[in-house]
Amino acid sequence: MTVDELYELLRVRSEVFVVEQDCVYQDMDGDDQASLHLWLTEGDKVVALCRVCPAGTHMQEISIGRVITTVRGKGYGKRIMLEGIAAAREHFDAEVIDIEAQEYAKGFYEQVGFQQSSEPFILDGIPHIKMTWKEYPIETQRIRFRSWQESDAEALFKYAADPDVGPRAGWPPHGSVADSLEVIRKFFANDHTWALVLKETGEPIGCMGYYPYGESNIGIGENDAELGYWIAKPYWNQGICTEALRAMIDYCFNKKGFQTLWSDFFVDNPASGRVMEKCGFQDTGAINWCSHLYLGDERPVKVMRLDYAL
Ligand SMILES: CC(C)(COP(=O)(O)OP(=O)(O)OC[C@H]1O[C@@H](n2cnc3c(N)ncnc32)[C@H](O)[C@@H]1OP(=O)(O)O)[C@@H](O)C(=O)NCCC(=O)NCCS
């Protein structure tokens, strides 16, 4: 970094954080020397910047801060954050990244995968929250698995309201965004249910997860899990579920150490059975009736299994 570049970054920081936000605080806090500094330019104008601080400097974990765009509404904020995350992974092997976010910007940081991880607090006179990003547990060519967030309610409703989706998997179509929010809070807020996000657009287009022993409705063993999924209808028959399920199976066997994976599908929903078959599941011959599932009394379910093989 040249002296001129350093001067410009510090100038922009005080222009925004001190002057624009009318906030007296010590911007040059001694954490810059150990940090990575990223900035985007348009012509010779700095349009966005941030710094990535190693663990144990600005915060206990690796952190990203001093995030600024000088030209707003053009996607530069998202870009600089994604570059910041990439730099933290590449240079500091980050699996977890924290930020102290101004509370008003929560939605912005959620878009790039951060989730609120503290109660609100006041920093330099401004309401803040701590937000945390965690490495995506599973990623494929087209799909990234990430935790569901409450801010996904509208996106979830868009596809889960479709009467062709839920009933095939045993749940009723969502009737409102409020229904979707409740589902996120009640059923998706755990560490084994993920939104399937289409990398190309950042949109959640499905859901995949596993039920561990005790939560499954098939009689599975203690070291087993039952897998479940759905994909939004506009994305059917493009191999997306198969691609995601293969990665999920790898995760379940090789990261979680499950011995046998189970899944089941209504016999009148052969597409799902086909996905299981393509991923190596075999028909156990067992047929279940699941009265607790939506329309479960009327439709038998085929039970499939896949054993771990070395
Ligand atoms: C089942 C579901 C997840 C499949 O997702 P997808 O991304 O379309 O799956 P893929 O494209 O990877 O594979 C679908 C396979 O089913 C086949 N298929 C589609 N419709 C079919 C039908 N009516 N009969 C038989 N096979 C069918 C496709 O041809 C494809 O197989 P192929 O690659 O051999 O041609 C999706 O249809 C869905 O979400 N349905 C509603 C919810 C649901 O059923 N969830 C599962 C509950 S057990």
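Residues numbered from 1 in each chain as written. Predicted model: local features only at pLDDT ≥ 70, side-chain atom pairs only at ≥ 80, totals over all residues.

**Topic: the overall build of the chain**
In terms of regular secondary structure, the chain is built from eight helices and 14 strands. In terms of principal-axis extent, the alpha carbons of the chain reach across some 70 × 45 × 35 Å. When each of the 310 residues of the chain is scored for burial, the buried share is 32%. In the chain, once contacts between residues fewer than 6 apart in sequence are set aside, the share between residues at least 24 apart is 57%. (Helix = DSSP H or I, 4+ residues; strand = E, 2+ residues; numbered from the N terminus. Buried ≥ 20, exposed ≤ 12 C-beta atoms within 10 Å, placed from the backbone. Contact = placed C-beta atoms within 7 Å.)

**Observations regarding the site of the ligand**
Taken together, 20 residues are adjacent to the ligand, and Arg168, Cys241, Thr242, Ala271 and Arg274 come closest. Among the elements of the structure, α5 (166-169), β11 (225-231), α7 (240-255) and α8 (270-278) are those that each provide at least two residues to the shell around the ligand. A total of five residues in the shell around the ligand trace back to one element, the largest contributor, which is α8. Grouping the amino acids of the shell around the ligand by side-chain chemistry returns twelve nonpolar, six polar and two charged. (Near = placed C-beta within 6 Å. Nonpolar A, V, L, I, M, F, W, Y, C, P; charged D, E, K, R; others polar.)

**Some remarks on helix α4 (residues 153-160)**
Most of α4 is tucked away, with six of its eight residues classed as buried. Summarising the contacts, the buried residues of α4 are in contact with α5, α6 (177-188) and β10 (203-212).

**Description of the domain arrangement of the chain**
Entries for the chain in the domain assignment read domain 1 (3-134) and domain 2 (143-307). Taken over C-alpha atoms, the centre of domain 1 sits 36 Å from the centre of domain 2. With four residues of domain 1 at the interface, the matching set in domain 2 holds four residues. For the side of domain 1 that touches domain 2, the per-class residue count stands at no nonpolar, three polar and one charged. (Domains from an automatic or database assignment.)

**Remarks on unusual backbone geometry**
What is expected of a backbone is that most residues other than glycine have negative phi and most peptide bonds are trans. With a phi angle near 60°, Asn237 is a residue other than glycine that sits in the positive phi range. Tracing the sequence through the fold places Asn237 in the loop between β11 and α7. A positive phi angle, near 60°, is found at Leu295, a position not held by glycine. Within the secondary structure, Leu295 sits in the loop between β13 (282-288) and β14 (301-307). By C-beta crowding, Leu295 is classed as partly exposed, having 16 other C-beta atoms within 10 Å.

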